[in-house]
Amino acid sequence: MNLNQLHQLQPYLWCLPRQPGETRAEVMLYGSAPLLVSMDDKVLEQVANVACLPGLAGAAMTMPDAHWGYGFPIGGVAAFDAEQGGVISAGGVGFDISCGIRCLRSNLTVHDATPSFTRLADTLFQTIPAGVGEEGHIKLNTAEIDQVLQEGAHWAVRQGYGNTADLEYIEERGCIGGAVPDHVSELAKKRQRGEMGTLGSGNHYLEVQVVERIYDPAAALAFGLHEGQIVISIHCGSRGLGHQIGTEYLLMLAKAASRLGIRLPNRELACAPIKSPEGQQYIGAMNAAINCALANRQILTHLTRTAFTEIYPHAELETLFDVSHNTCKVETHKIDGKSRLLHVHRKGATRAFGPGHLLLPERYRTVGQPVVIGGSMGTGSYILAGTSGNQAFASASHGAGRAMSRHQASARWQGRALISELAQLGILIRTRSMRGAAEEAPGAYKDVDLVAEATEQAGLARRVAFLRPKVCVKG
Amino acid sequence: MLAQSPPYFEHDADIGIIGRGTTVEQAFEAGAHAVFAIITNLDVVQPKSAVTFEFEEADSEFAFVTWLNLLLGKSRELGMVFSRFHVQHWDNRWRAEVLGEKWHVGLERGVEVKGATLTMLSLKHAGSIWEARCIVDV
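Just so we're clear, the structure is a prediction, and the values are computed from it rather than from any experiment.

Trainee: Explain the interface of chain B and chain A residue by residue, including any values.
Mentor: Counting residues at the interface gives 31 residues for chain B and 40 residues for chain A. Elements represented by at least two residues in the side of chain B that touches chain A include exactly α2 (60–78), β6 (115–116) and β8 (129–137) of chain B. Residue contributions to the side of chain B that touches chain A peak at seven residues, all from α2(B). Class assignment for the residues of the side of chain B that touches chain A results in 13 nonpolar, nine polar and nine charged.

As structure tokens, then:
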């Protein structure tokens, strides 16, 4: 991205000035100059298109890890006001609805756990269904799927997957309201029958990590983190059901937009007014998919505990937090000093409520919401905490962001060689897809340290802990 | 010439796929082949079972996306991977027959494709060649 097109407002905040006659809303880009320079020009084009949509509240924004997506950029944040003709966009949520990260803290230290890492890696790989074509052990009929879509992680806990203590530390306490299973197609439900409790593929993973560095001791204490501690991150989403909803509604909303007189700068921005029947239908289906994702990560949490106790009989894994980064949620935010009820789209962006927010669990209320920036399998990840001064509708980065395409990565690295190299560094990878491993090579991602630093410097969230990967089950 | 042209184009996080043929149907079939080649090595997928389906779509570009997404949906619903693709259309109706087999240990595990998007979606006719393309989310 050419920075000459931008105006720097603050060291880590830029805007795209409007040309004479341009009627779009403001565009704000968070990040450092090097991160923005590394972004494709398409990011700017996409976020500028988002700023043209009706009913946008404030600015269309990108986070420091933004990259070119479909419709909205990945790392995009946009809030719409239903009372001002605001829209809901399937492309603003993404196909993997409510993709996110469940983070578990353990009572194990790296010292205790290291001698058994190989056995742990093998056991996790056998226990967690991962990769394309892999089904889970849970088979559900349509009526049971409907229950999952209504009840989210609560359904999973009732079936014996995890415990009620987990629910307190999941966004929406494990179940979002407004889910309408009837707005989810039969094909979407059929796709999900064998996919509950599966990790998926691509950039999804289950990673065993060690807390290598604490940045904020007070927040770390509240989050129950200390140096040398083993934690686990599970990155996945709503699986086939969410993918099917995303694909079906993208097309439906694209057709609806032209019928409803919405002039789209690009049809990939497929959307409908929040108050329209089409908009309401998508919202009902999307909320159902959010519940599906919450249930899926709850089941995977249970499977992870099963694998851990097989290797470490005294292991205890508690849910630190479960946060989604592909959603649209109804939230109250202040704009120009006035509280407004908004539909906040976060596509590849994490909610990051600051200290004192009433939706946070009491344990975290004084320090802010846990935020996870997932890095590559060879570098590391960050846990951050929400800040009070966040001006991006309480949003923050979600990952490192890709530095090169999958095709470029698979041409440059070979899966087996890469896995051997990482093993030499003390990182054990288990995967069924050598091609997938090559595409996910650490070198294919941007520097997660720069993203986390920029996220903090921009005032979006502050760093609490750095996590170094030790075992990674890749989808 | 068709076989030598790469069936993919670059995208930051996902993958651009291209299907080319001398008819719209052939371009759609080649696009499906490009999608499923991301998922596994199609050379070893046996055409053991046939799956048929139909859909209606007046817009040919939207039809390309619908075709790919129905294939992905059926594949996941049935636990199958497809390697042979046939589609016909008249007026707004599209009728497909695809062949493949259930997943088994002998098949390479590539990367899951979540769905076809409207991004960079196009269907163009140049000379004697039809070319369909779009970004697929992986």
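Trainee: Explain unusual backbone geometry residue by residue, including any values.
Mentor: Residue and element names in this part refer to chain A. At Ser98, a position not held by glycine, the phi torsion is positive, near 60°. Tracing the backbone through its elements, the reader meets Ser98 in the loop between β6 (87–89) and β7 (100–109). By C-beta crowding, Ser98 is classed as buried, having 31 other C-beta atoms within 10 Å. Residues other than glycine seldom take positive phi values, yet Glu172 does so here, at roughly 60°. Structurally, Glu172 is set in the loop between α7 (164–167) and α8 (186–192). Judged by C-beta crowding, with 20 C-beta atoms within 10 Å, Glu172 ranks as buried.

Trainee: Let's hear about the nonpolar core: which residues, and what values?
Mentor: Of all hydrophobic cores here, the largest spans 207 residues; its most connected members are Leu253(A), Met286(A), Ala289(A), Ile383(A), Leu384(A) and Trp67(B). The dominant element in this core, judged by the number of residues it contributes, is helix α11 (residues 277–311) of chain A, at 16 residues.

Trainee: Please provide a residue-by-residue account of helix α15 (residues 448–457) of chain A, values included.
Mentor: All names here are of chain A. Every buried residue of α15 is accounted for by Val448, Val451, Ala452, Ala454, Thr455 and Glu456. Those residues of α15 that are buried are in contact with α1 (33–37), β4 (56–67), β15 (370–373), β16 (381–386), β17 (395–396) and β19 (461–474). Trailing α15 by a residue or two, Gly459 shows a phi angle of about 80°, which is positive.

Trainee: I'd like to hear about the sheet that holds strand β4 (residues 80–90) of chain B, residue by residue, with values.
Mentor: All names here are of chain B. Within the open sheet, the three strands sit side by side as β3-β5-β4. Their pairing is antiparallel. Each of the sheet's edge strands pairs with one partner strand only, and the pair in question is β3 (49–56) and β4. When strand polarity is set aside, the average angle formed by the axes of neighbouring strands in this sheet is 20°. Looking at chain direction, β4 and strand β5 (residues 93–102) are connected through 10 bridges and run antiparallel. Its bridge partner being in β5, Trp90 is matched across the sheet by Arg93.

Trainee: Requested: an account of the environment of Ser397(A), with residues and values cited.
Mentor: Residue and element names in this part refer to chain A. With respect to the helices, strands and loops of the structure, Ser397 is situated in the loop between β17 and α12 (406–412). Placed 65 residues apart in sequence, Ser397 and Thr332 show a C-alpha to C-alpha distance of 20 Å. Non-local contacts of Ser397, meaning those with residues more than four positions away in its chain, are made with Met63, Pro64, Asp65, Gly75, Thr350, Ile373, Val451, Thr455 and Leu460.

Trainee: Residues and numbers for the sheet that holds strand β2 (residues 13–15) of chain A, please.
Mentor: Residues and elements named next belong to chain A. Spatially, the seven strands line up as an open sheet ordered β1-β2-β3-β4-β5-β13-β12, and their pairing is mixed. Of all the strands in the sheet, just β1 (7–10) and β12 (326–335) have a single pairing partner and so form its edges. Averaged over all pairs of adjacent strands, the angle between strand axes in this sheet comes to 25°, irrespective of strand direction. Sheet topology note: the β4/strand β5 (residues 74–80) ladder contains five bridges and is antiparallel. Looking across to β5, one finds that His67 is bridged to Ile74. Each of β3 (27–30), β4 and β5 touches helix α2 (residues 41–50); the most contacted strand, β4, lies at about 160° to it.

Trainee: Describe in detail the environment of Ser395(A), supporting the description with residues and values.
Mentor: All names here are of chain A. Summarising the element assignment, Ser395 is placed in strand β17. Along the chain, Ser395 and Ser420 lie 25 residues apart, while their C-alpha atoms are 37 Å from each other. When residues no more than four places from it in sequence are discounted, the contact partners of Ser395 are Met63, Val77, Arg346, Ala349, Thr350, Arg351, Ala352 and Leu460.

Trainee: Outline the environment of Ala256(A), listing residues and values.
Mentor: Residues and elements named next belong to chain A. Structurally, Ala256 can be placed in helix α10 (residues 239–259). With 33 residues separating them along the chain, Ala256 and Ala289 place their C-alpha atoms 21 Å apart. Excluding residues that lie within four positions of it along the chain, Ala256 makes contacts with Ala272 and Glu278.

Calculation criteria
- Counting restarts for each chain, with residues numbered from 1 along the sequence as it is written.
- Here every chain gets a letter starting at A, and every ligand a number starting at 1, in the order they are written.
- Totals for whole chains, interfaces and linings use all residues, but because this is a predicted model, local features are given only for residues with pLDDT of at least 70 and pairs of side-chain atoms are given and counted only at 80 or more.
- Each residue gets a C-beta atom placed from its backbone, and two residues are in contact if those atoms lie within 7 Å.
- Working definition: helices are DSSP H or I runs of at least four residues, strands are E runs of at least two. Numbering for both runs from the N terminus.
- All amino acids are sorted into three groups, where Ala, Val, Leu, Ile, Met, Phe, Trp, Tyr, Cys and Pro are nonpolar, Asp, Glu, Lys and Arg are charged, and the leftover types, Gly among them, are polar.
- Counting other C-beta atoms within 10 Å of a residue's C-beta gives its exposure: the residue is buried at 20 or more, exposed at 12 or fewer, and partly exposed in between, where C-beta atoms are placed from the backbone.
- The term nonpolar core refers to a group of buried residues, namely Ala, Val, Leu, Ile, Met, Phe, Trp, Tyr and Cys, whose C-beta atoms join them within 7 Å.
- Paired strands, as defined in this entry, are two strands with at least two bridges between them according to DSSP.
- For helices, the axis comes from a line fit to the C-alpha atoms of the stretch in contact; other axes are also lines fit to C-alpha atoms, and the angle between any two N-to-C directions lies between 0 and 180 degrees.

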